[in-house]
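Inside the fold
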Amino acid sequence: MATPLVRVLEVGVVGVALLTVYCALTTPTVLCLTVLVVLWAVYRWERKRAAGTVPLNDKHVLITGCDSGFGFAFAKHAHGLGCHVIATVLRPDGQGAKELRDVSSSRMTVLPLDVSSDESVRKCLEVVRGMCNGAGLWGLVNNAGQQVVGDVELTTMSQYLRVANVNLFGMVRTTRAFLPLIRQAKGRIVNVTSVRGRMHAPYQAAYNITKHGAETFSDIVRLEMRQFGVKVVVIEPGDFSGLKRIEKDFEEMWAEASDDVKKVYDKEHLDQMLVGFGEGIGCPTMTPVSKAITEALTSEDPEFRYLVDGSSGLIDKYCMVARVKPFLSDRLFDRILHHVIPYSPRK
């Protein structure tokens, strides 16, 4: 418990810090910072323009997780760019697969793929190798993912393992399998992670640890593939709609929870989370993510990471918090996070 002296010192530290910032913000300082920001923005714009773009005409791009969400939206978007889209789906008879097949184009191919299965990845690889016809695979968009929300104790081990086998090891599995074709084309690997890969948050343990792992995996692949001319880009979507099967997950959590856990978390806690997370609040359109993936595949000099703001409001609070996190201590960040994402599950 903090003593009165600790409280006084905390106030003193914050006060001196604010006073220092206030004293530093003289007119010359503000002017220099403004010029710096403008120069940096112009530099980034000019660098991208000078680098140029790669046309996707006749190039093959494979996208995982096209049943719905980002994968489904980008499959349609990529087809409009003129490339050969290989849209992989978990449910070949599902609505998403049907709509993609209804495109009725020789440049849209829908293939079954379960990224959690070695055998399914192997079969898909054999088909894709034949389709590329010696030209290699220009783009692999690792988009397939699952999400589970729930407290650390309530989330079951089977849920932890299921999410990890898709979000993290599914990405590893497909990347390892298709790397020879990507290397042959000197193409791109685009890994869709999340803003959650930059920050931690309550209720998100199973999901967040896979996204942090996917970020690190992407960095390592980028370093190792640089000598082969292969670029690796990370897409980090913010607050977008699309959470599925949440009620079924909560039923599984409560059924497997021990008596000790149920003494801490009551059923009402899960019901409140069901309302909060089940409303699907977030940016309703996937267009910003599709644009970021497009730039990752077509820019001669893409960024290593694209943090893509979502939200149904003016500001994506998760992306905003993720951007300031590197400049804050863990203690201060946790305090801010408790205001942004309150956590109080106790009875």
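Residues numbered from 1 in each chain as written. Predicted model: local features only at pLDDT ≥ 70, side-chain atom pairs only at ≥ 80, totals over all residues. Heavy atoms only, no water.

1. Some remarks on the overall build of the chain
Cut-off, in case you're wondering: Counting from the N terminus, the helices are the DSSP runs of H or I reaching at least four residues and the strands are the DSSP runs of E reaching at least two. We call a residue buried when its accessible area falls under 20% of the maximum for its residue type, exposed when it is over 50%, and partly exposed in between, using a 1.4 Å probe and counting protein chains only. Any two residues whose heavy atoms approach within 4.5 Å are treated as being in contact. Each accessible area is a Shrake-Rupley estimate made with a 1.4 Å probe; only the visible protein chains count as cover when residues are assessed. Under this rule, positive means Lys or Arg and negative means Asp or Glu; His and the chain ends count for nothing. Each charge is placed at NZ for Lys, CZ for Arg, CG for Asp and CD for Glu.
In terms of helices and strands, the chain carries 14 helices and 7 strands. Across its three principal directions, the C-alpha atoms of the chain cover 75 × 60 × 35 Å. Counting the 347 residues in the chain, one finds 43% classified as buried. Put simply, of all contacts in the chain between residues at least 6 apart along the chain, 74% involve residues at least 24 apart. For the chain, the accessible area works out to roughly 18700 Å², and carbon and sulfur atoms hold 60% of it. The chain carries 41 positive and 37 negative side-chain charges, and their two centres are separated by 6 Å.

2. Some details on the environment of Thr294
Along the chain, the position of Thr294 falls in helix 12 (residues 287–298). Separated by 104 residues in sequence, Thr294 and Val190 have C-alpha atoms that sit 9.7 Å apart. When residues no more than four places from it in sequence are discounted, the contact partners of Thr294 are Phe74, His77 and Leu81.

3. With respect to the pairing of strand 3 (residues 108–112)
The following threshold applies: Should DSSP find at least two bridges between two strands, the strands are taken to pair. A clockwise course of the path from the first strand over the helix to the second, judged with the strands pointing away from the viewer, identifies a crossover as right-handed.
Direction of pairing for strand 2 (residues 84–89) relative to strand 3: parallel, over a ladder of 5 bridges. Paired with Ile86 across the two strands is Thr109, which belongs to strand 3. On the question of chirality, the crossover connecting strand 2 to the parallel strand 3 by way of helix 4 (residues 95–101) is right-handed.

4. A short note on the packing of helix 3 (residues 69–80) against helix 12
Stated formally: Lines are fitted to the C-alpha atoms to define the axes, a helix being fitted only along its stretch in contact, and any angle between axes, read from their N-to-C directions, falls within 0 to 180 degrees. Each angle gets one of four labels, with under 35 degrees taken as roughly parallel, over 145 as roughly antiparallel, 65 to 115 as roughly perpendicular, and the rest as oblique. Put simply, a crossing is left-handed when the front helix is turned counterclockwise from the back one by less than a right angle, and right-handed when it is turned clockwise. Throughout, the ten residues Ala, Val, Leu, Ile, Met, Phe, Trp, Tyr, Cys and Pro are labelled nonpolar, Asp, Glu, Lys and Arg are labelled charged, and all others, Gly among them, are labelled polar.
Following both chains from N to C, one finds helix 3 and helix 12 inclined at 60°, their axes separated by 9 Å at the closest point. In terms of orientation, helix 3 and helix 12 fall into the oblique class. When you trace helix 3 past helix 12, the crossing you get is right-handed. Across from Phe70, Ala73, Phe74 and His77 in helix 3, the residues of helix 12 making contact are Val289, Ser290, Ile293, Thr294 and Leu297. Looking at side-chain class alone, the contact of helix 3 with helix 12 contains 6 nonpolar, 3 polar and no charged residues.

5. With respect to the packing of aromatic side chains
Applicable threshold: Aromatic pairing here means that ring centres of Phe, Tyr or Trp (its six-membered ring) are within 6.5 Å. Orientation follows from the plane angle: under 30 degrees is stacked, over 60 is edge-to-face, and everything else is tilted.
Under the counting rule described, the total for this entry stands at 2 aromatic pairs. The interplanar angle of 80° and the centroid separation of 5.5 Å between the aromatic rings of Phe70 and Phe240 together place this pair among those described as edge-to-face. Within this pair, whereas Phe70 is found in helix 3, its partner Phe240 is found in the loop between strand 6 (231–237) and helix 9 (246–256), the two being separated by 170 residues in sequence. With respect to burial, Phe70 and Phe240 carry one shared label: buried. Centre to centre, the rings of Tyr203 and Tyr343 are 5.0 Å apart; their planes meet at 70°, and the pair counts as edge-to-face. Remark: Tyr343 occurs in the segment after helix 14 (330–340) and Tyr203 occurs in the loop between strand 5 (188–192) and helix 8 (205–225); sequence separation between them is 140 residues. Assessed through its relative accessible area of 13%, Tyr203 is described here as buried. Judged by relative accessible area, Tyr343 falls into the partly exposed class, the value being 29%.

6. Things to note about the UniProt feature "transmembrane region" (unreviewed entry) in the chain
Definition in use: UniProt positions are given in the numbering used here, feature names are shortened, and annotations may be inferred rather than shown by experiment.
In the numbering used here, UniProt assigns the "transmembrane region" (unreviewed entry) feature to residues 12–43. Along residues 12–43, the helical share is 94% and the strand share 0%, with 39 Å between the first and last C-alpha atoms.

7. Thoughts on a nonpolar patch on the surface
For clarity, the cut-off: To count toward a patch, a residue needs a relative accessible area over 30% and no salt bridge; like charges are then connected within 9 Å, while nonpolar side chains (Val, Leu, Ile, Met, Phe, Trp, Tyr) are connected within 5 Å. Only one rule defines a salt bridge in this text: a Lys or Arg side-chain nitrogen within 4 Å of an Asp or Glu carboxyl oxygen.
Together, Val21, Leu25, Val30, Leu33 and Leu36 make up a nonpolar patch on the protein surface, roughly 440 Å² of accessible area in all. Of all the elements, helix 2 (residues 27–51) adds the most residues to the nonpolar patch, at 3 residues. Position of Leu25 among the secondary structure elements: in the loop between helix 1 (4–24) and helix 2. The exposure class of Leu25 is partly exposed, given its relative accessible area of 47%.

8. A closer look at the pattern of salt bridges
Tallying each qualifying case throughout the model produces 13 salt bridges. Arg91 serves as the salt-bridge partner of Asp67, at 4.0 Å between the closest nitrogen and oxygen. With Asp67 in the loop between strand 1 (60–63) and helix 3 and Arg91 in the loop between strand 2 and helix 4, this pair connects stretches of sequence that are 24 residues apart. The buried category is assigned to Asp67, whose relative accessible area is 14%. Across the pair Asp219 and Arg222 runs a salt bridge, and its minimum N-O distance is 2.8 Å. Taken together, the residues Asp219 and Arg222, both in helix 8 and 3 residues apart, mark about one turn of the helix. It is possible to trace a salt-bridge network through shared partners that takes in Arg198, Glu215, Asp219, Arg222, Glu236 and Arg305.

9. Here's the deal with the packing of helix 6 (residues 157–167) against helix 7 (residues 169–185)
The interhelical angle for the contact between helix 6 and helix 7, taken along N-to-C directions, is 30°, at an axis separation of 3 Å. For the element pair helix 6 / helix 7, the angle class is roughly parallel. Along the contact surface, helix 6 presents Ala164, Asn165, Val166 and Asn167, while helix 7 presents Phe169, Gly170, Met171 and Arg173. Classifying every residue of the contact of helix 6 with helix 7 by side-chain character gives 4 nonpolar, 3 polar and 1 charged.

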